[in-house]
Amino acid sequence: MTINLSDYERGKSFDGDYDEALKALQKRLGHVQVAHIVHKRAAMIVLEGWDAAGKGGAIKRMTAHWDPRYFQVWPIAAPSPEEKAHHFLWRFWRRLPALRNIGVFDRSWYGRVLVERVENYASEAEWRRAYDEINRFEAQQADCGTTIVKLFFHVTQKEQDRRLKDRIDNPWKRWKTGAEDYRNRARRPDYLTAMHDMFAHTDTDHARWTVIDANDKKAARIAALTAIAEQLEARISMEPPPLDPELEALAQRMLAKSP
């Protein structure tokens, strides 16, 4: 099915008790992380979207109850000189999650077909070739048993402008914005074209895109965390392992001696 971002601009508020829904989702995601640990599986969660669309807020709430030893958040910025000297996927191969781990990518390898395409950091031949390179990269991870969840956070120009203004007005949020946000804003039509091409070429059976209407922050967080939980649960056993009889017997003996 063709993805059209204009279908995700209603900005409908969350219908329900947000705090209770968030609490339930965080508990559910806690079980999901445990399932990856005990079943020795890996997963990658990719978050793309507009500046100020709420990716960071979703990550903060998604990982709030996770054991920090078994997940990594990778904020992806411009490549370093060393990274530029290699294939554009090299820096992501180095960040792949180990077994039992979940890797969270705040922006990702899709920069090649988005910002690098629009801002002419990559040649047309490079970004056109990247679609197949990305699909092969993701297929390789899926073939190795890694689950891939890809979310795109969409906001209208009006809502993005409101949030960017809030970041300028609030001294405790100014660190979250920079000149690149406004340069990107000025080229919104070009980014929309690149985004729709990205969806058309990389929405595959093993790595589907899920678009989040992020025009209402609370509704977006619930929708994003629900999508992540559902997709991770669908690819791993959510049955906890049985208690080892020897461990149970040892525990009973030791605990029986407790004062």
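Located above this text is the structure these notes cover.
The rules we used
Residues numbered from 1 in each chain as written. Predicted model: local features only at pLDDT ≥ 70, side-chain atom pairs only at ≥ 80, totals over all residues. Heavy atoms only, no water. Helix = DSSP H or I, 4+ residues; strand = E, 2+ residues; numbered from the N terminus. Buried < 20%, exposed > 50% of the residue type's maximum accessible area, 1.4 Å probe, protein only. Contact = heavy atoms within 4.5 Å. Areas by Shrake-Rupley, 256 points an atom, 1.4 Å probe, with all protein chains shown as cover. Lys, Arg positive; Asp, Glu negative; His and termini not counted. Charge placed at Lys NZ, Arg CZ, Asp CG, Glu CD. Pairing = 2+ DSSP bridges. Phe/Tyr/Trp six-rings, centres within 6.5 Å; stacked < 30°, edge-to-face > 60°. Lys NZ or Arg CZ within 6 Å of the ring centre and 35° of its normal. Salt bridge = Lys/Arg side-chain N within 4 Å of Asp/Glu carboxyl O. Axes fitted to C-alpha atoms, helices over the stretch in contact; angles between N-to-C directions.

*Asks:* Help me out: how do you make sense of the overall build of the protein chain in this one?
*Replies:* Helix and strand counts for the protein chain stand at eleven helices and five strands. Across its three principal axes, the protein chain shows a C-alpha extent of roughly 70 × 40 × 35 Å. Considering the protein chain as a whole, with its 259 residues, one finds that 45% of them fall into the buried category. Long-range contacts, defined as pairs at least 24 residues apart, comprise 81% of the intrachain contacts of the protein chain with a sequence gap of at least 6. Surface exposure of the protein chain reaches about 14200 Å², of which carbon and sulfur atoms provide 53%. Of the charged side chains in the protein chain, 42 are positive and 38 negative, and the gap between their average positions amounts to 4 Å.

*Asks:* What should I look at first to understand the pairing of strand β1 (residues 43-49) in this one?
*Replies:* A regular strand carries its side chains on alternate faces of the sheet. In terms of burial, β1 is a largely internal element, seven of the seven residues being buried. Side chains A43, I45, L47 and G49 of β1 all project onto a buried face; the interleaved residues M44, V46 and E48 project onto the opposite face, where all are buried too. Here β1 runs beside strand β3 (residues 102-106); their pairing, made up of five bridges, is parallel. Bridge pairing in β3 links L47 to D106.

*Asks:* Could you clarify how one ought to interpret the packing of aromatic side chains in this entry?
*Replies:* Scanning the entire structure with this criterion turns up eleven aromatic pairs. Consider the rings of W93 and F137, whose centres lie 5.3 Å apart with planes at 75 degrees: the pair is edge-to-face. Here F137 lies in helix α6 (residues 124-143) and W93 lies in helix α4 (residues 90-93), a separation of 44 residues in the sequence. You can call W93 partly exposed: its relative accessible area is 42%. Where W109 meets Y110, the ring centres are 6.4 Å apart and the plane angle is 40 degrees; that geometry is what we call tilted. Accessibility expressed as a relative area gives 1% for W109, which makes it buried. Here the basic side chain of R117 rests over the ring of W127, its NZ or CZ set 3.9 Å away from the ring centre.

*Asks:* So what exactly am I meant to see when it comes to the pattern of salt bridges here?
*Replies:* Any two side chains of opposite charge can pair, given that their charged atoms come close. Enumeration according to the criterion identifies 20 salt bridges in this entry. We note a salt bridge from R128 to E124, for which the minimum N-O separation is 2.7 Å. Linking R128 with E124, this pair stays in helix α6, spanning four residues, or about one helical turn. We classify R128 as partly exposed; its relative accessible area is 46%. In this structure, E138 and K150 form a salt bridge, with 3.2 Å as the shortest nitrogen-oxygen distance. Residue E138 is found in helix α6, and its partner K150 is found in strand β4 (residues 147-154); the two are separated by twelve residues along the sequence. With respect to class, E138 is no different from K150; both count as buried. One salt-bridge network, held together by shared partners, links E48, D51 and R107.

*Asks:* Sorry if this is basic, but what is going on with the side chain of E116 here?
*Replies:* Here E116 lies in helix α5 (residues 115-118). Residues within four places of E116 in sequence aside, it is in contact with G111, Y121 and A122.

*Asks:* Looking at this model, I keep getting lost on unusual backbone geometry. Mind explaining?
*Replies:* It is generally the case that most residues other than glycine have a negative phi and that most peptide bonds are trans. The phi dihedral of A52 falls on the positive side, at around 70 degrees, and the residue is not glycine. Checked against the element boundaries, A52 lands in the loop between β1 and α2 (55-62). For R100, which is not glycine, the phi dihedral falls at a positive 80 degrees. Relative to the assigned elements, R100 resides in the loop between α4 and β3.

*Asks:* Help me out: how do you make sense of the sheet that holds β3 in this one?
*Replies:* The strands that make up a sheet pair up through hydrogen bonds in the backbone, lying either parallel or antiparallel. One open sheet accounts for five strands, arranged β2-β3-β1-β4-β5; its pairing is parallel. If you trace the sheet from one side to the other, it starts and ends with β2 (71-75) and β5 (209-213), each paired once. With strand direction ignored, the average angle separating the axes of adjacent strands in the sheet is 20 degrees. With respect to the sheet, α2 is in contact with β1, β2, β3 and β4, its orientation differing from that of β1 by roughly 150 degrees. Along the sheet face, helix α10 (residues 217-233) touches β1, β4 and β5 and points at about 165 degrees away from the line of β4.

By themselves, these observations are geometric and do not establish any function.
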